[in-house]
Amino acid sequence: MTADLFPSYRGRMEYFCLGCGKRYPTDELYYTCPECGGVFLLDNLDFNELKKTSGEQWRALFDARAASKRTALRGVFRFYELMAPVLEEEDVVYLGEANTPIVESSPALNAATGLRTAYKNDGQNPSASFKDRGMACGFSYLRALIRKHGWDQILTVCASTGDTSAAAALYASYVGGAISSVVILPHGKVTPAQLAQPLGSGAVVLEVPGVFDDCMKVVEHLADNYRVALLNSKNAWRILGQESYAFEVAQWFDWDLSGKCIFVPIGNAGNITAIMAGFLKLLELDIITELPRIFGVQSHHADPVYRYYSVGDPKEREYKPMTVSPSVAQAAMIGNPVSFPRVRHFAEKFEAAGGKRAFQVIQVTEQQIMDSMIQANRNGHIACTQGGESFAGAKRALELGLVSADELCVLDSTAHQLKFVDFQTMYFENTFPPAFEVEPDMSLANSPALVISPEEKERLSPEEYTRVTADKVVARLGLEKK
Ligand SMILES: *Cc1c(COP(=O)(O)O)cnc(C)c1O
Ligand SMILES: [Zn+2]
């Protein structure tokens, strides 16, 4: 195996339905099971062949590939064999996604929380969220399909809480050709930055009243009745791409995950599914010898997964979709997560391999999410509100005695701070609508101060203006002459 060559191994992938167990070939576009409507996972029938290579050899190969200049191996496909080993190099779409850094918190922040935390900044992806991982894989698969079938036109569609549409529109606009992109958004429920993204990429942007769950129903109706490629996380290829997050965490820590706790916000539950699936693959191939512990985090305003797992006895658990209330973790504000069956599937496997404490779900308040995001970012991080949710989850886990200070909590900031600045503004200006239930700590409020009025500037010569302004700055800051 040469690290810089595109791999020659090819697997045989099939969809399998988590509802009825039926299997389907991957040379057709399937979204949900035609038989029972269940969600799919993708299975490599030749996965066992990968076991002929030792864990040590895999680690060496992935480490060597980390230095590859070959774009097809730089992003999520650094882990080609574990992901979608049916694609050809010419199909692989690479827009600079994946390989995001893990930044350890400063000693001051750790001292303030009593935790050891680090952020994995998935906002440092091209469209500024982790959704690019899944899109890179989804669009690569689409390219392969288009090539095989000779299709000259395919419409990609997604419903979105903002970031899926930004990512889908970006990748669609890059691939172009037969592909065009439509995104369906809940009117007024995505941030201005998230709305600007698909518009800038030239996608057709359609808005409907309601919340994400309403958009999802419209999109599913389209998928059931028309030939469109659905890019929501029900699309199993996206889950595969998102597994790269787990692979990267393992690689970052030199494949040693002892004492690592991974905190992930849960919305539609695709990301947490993928992260669990990814770590399990590494364990199966002996690439890691120990699983990390996984903590899903949900806001009390949108917590169907938490509610399910909060019942101790698995036989008593009952999944119930819920109506959500406004959440600052807007990208995770989902009452009926489509990947819930996948979570259950992998959580069981995770617990079987890693013990009862290997997978848990934590509930946090809107207040804790906002306070945590502000605190993180005042200490050098670039967390979005969902990143605040991860951090709040770690603090809550400490409170509940579920983690200790000698473990490292890896917090998923699923998007970039800049996509969600409006929530920061509401915090600083104390303008949260009551439904959010957030009382800002006004000692943390920050606002720009105008040093000199435009009228005053008018009255001054350019030289006077500089001196007078500088004097005002000096007075404000109480500077002393050197
Ligand atoms: C999509 C999204 C989530 C939720 O991820 P799921 O896979 O739907 O659980 C969380 N944070 C951000 C920023 C997102 O874009
Ligand atoms: Zn089925």
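Scroll up a little and you will see the structure.
Residues numbered from 1 in each chain as written. Chains lettered and ligands numbered in written order. Predicted model: local features only at pLDDT ≥ 70, side-chain atom pairs only at ≥ 80, totals over all residues. Heavy atoms only, no water.

Asks: Give me the lowdown on the overall build of the protein, citing residues and values where you can.
Replies: Regarding its fold elements, the protein presents 17 helices and 13 strands. In terms of overall dimensions, the protein is globule-like: its C-alpha atoms have a radius of gyration of 24 Å, near the 23 Å expected for 482 residues. Taking all 482 residues of the protein together, the buried fraction comes to 55%. Entry remark: accessible area of the protein is about 20100 Å², with carbon and sulfur atoms responsible for 50%. Separation between the mean location of the 47 positive side-chain charges and that of the 58 negative ones in the protein comes to 2 Å. (Helix = DSSP H or I, 4+ residues; strand = E, 2+ residues; numbered from the N terminus. Rg over C-alpha atoms; globule rule 2.2 N^0.38 Å. Buried < 20%, exposed > 50% of the residue type's maximum accessible area, 1.4 Å probe, protein only. Areas by Shrake-Rupley, 256 points an atom, 1.4 Å probe, with all protein chains shown as cover. Lys, Arg positive; Asp, Glu negative; His and termini not counted. Charge placed at Lys NZ, Arg CZ, Asp CG, Glu CD.)

Asks: Please give an account of the pattern of salt bridges that cites residues and values.
Replies: Applying the stated criterion across every chain, the model contains 22 salt bridges. A salt bridge links Arg-116 to Glu-104, with the shortest nitrogen-to-oxygen separation between them at 3.9 Å. Of this pair, Arg-116 sits in strand 5 (residues 116-121) while Glu-104 is found in strand 4 (residues 102-104), placing the two residues twelve residues apart along the sequence. Relative accessible area serves as the criterion here: at 33%, Arg-116 is assigned to the partly exposed category. Sharing partners across several salt bridges, the network here consists of Lys-120, Asp-122, Arg-133 and Glu-248. (Salt bridge = Lys/Arg side-chain N within 4 Å of Asp/Glu carboxyl O.)

Asks: Can you lay out the nonpolar core for me, pointing to particular residues and giving the numbers?
Replies: In this structure, Phe-139, Phe-279 and Phe-359 are the most contacted members of the largest nonpolar core, which totals 96 residues. The element that contributes the greatest number of residues to this core is helix 4 (residues 131-149), accounting for nine residues. If we ignore the near neighbours within four places in the chain, the residues touching Phe-359 are Ile-272, Met-276, Ile-294, Tyr-309, Val-343, Ala-347, Phe-350 and Glu-351. Core analysis: the second largest hydrophobic core is formed by 36 residues, Leu-115, Ala-392, Leu-411 and Ala-415 among them. (Core = buried A, V, L, I, M, F, W, Y, C linked by side-chain atoms within 4.5 Å. Contact = heavy atoms within 4.5 Å.)

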